[in-house]
Amino acid sequence: MSIDDAKPEEWNALREATTVTISTDDVDHPQHYNNGSIECIDAIEAALQGVEFEGYLRGNVFKYTWRYRYKGLDKDLRKAQWYLNRLINYRQSQRNR
């Protein structure tokens, strides 16, 4: 059997079997970045000086916007957006001190 002989229902079954569902928690609060009640990002923020933490956030925005085209996943764009929002919120909180 060749790929050209596949029936529409076979293509639909393949599409359903390979569809990936991405939960918001995979971007906002992934399980693998939590240890008890502390998220990794909070520990990083506590360990770095202001400009260092901003650089960390900017680097992640750059990384995820760089690679989304090669991986073909909108998840990377949502991750970039998450880090950009975190950077904006961080800068606002620093100005309000």
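One can find the structure itself at the top, above this paragraph.
Residues numbered from 1 in each chain as written. Predicted model: local features only at pLDDT ≥ 70, side-chain atom pairs only at ≥ 80, totals over all residues. Heavy atoms only, no water.

Asks: Would you mind going over the overall build of the chain with me for this structure?
Replies: Along the backbone of the chain there are 5 helices and 2 strands. Reading the secondary structure of the chain in the N-to-C direction produces α-α-β-β-α-α-α. Taking the intrachain contacts of the chain between residues at least 6 apart in sequence as the baseline, contacts between residues at least 24 apart amount to 51%. Surface summary for the chain: the accessible area is close to 7,700 Å², and the carbon and sulfur share equals 51%. (Helix = DSSP H or I, 4+ residues; strand = E, 2+ residues; numbered from the N terminus. Contact = heavy atoms within 4.5 Å. Areas by Shrake-Rupley, 256 points an atom, 1.4 Å probe, with all protein chains shown as cover.)

Asks: Looking at this structure, how should I read the packing of aromatic side chains?
Replies: To describe a pair of aromatic rings, one takes the distance between the centres and the angle between the planes. Applying the stated criterion across every chain yields a total of 6 aromatic pairs. Ring plane angle 35° and centroid distance 5.6 Å describe the contact between Phe62 and Trp66, whose orientation is recorded as tilted. Of this pair, Phe62 and Trp66 are both found in helix α4 (residues 50-71), 4 residues apart, which corresponds to roughly one turn of the helix. Judged by relative accessible area, which is 54%, Phe62 ranks as exposed. With a centroid separation of 5.0 Å and 85° between ring planes, the pair formed by Trp82 and Tyr83 is classed as edge-to-face. A relative accessible area of 12% places Tyr83 in the buried class. One aromatic cluster is present, formed by Phe53, Tyr56, Tyr64, Trp82, Tyr83 and Tyr90 through successive ring pairs. (Phe/Tyr/Trp six-rings, centres within 6.5 Å; stacked < 30°, edge-to-face > 60°. Buried < 20%, exposed > 50% of the residue type's maximum accessible area, 1.4 Å probe, protein only.)

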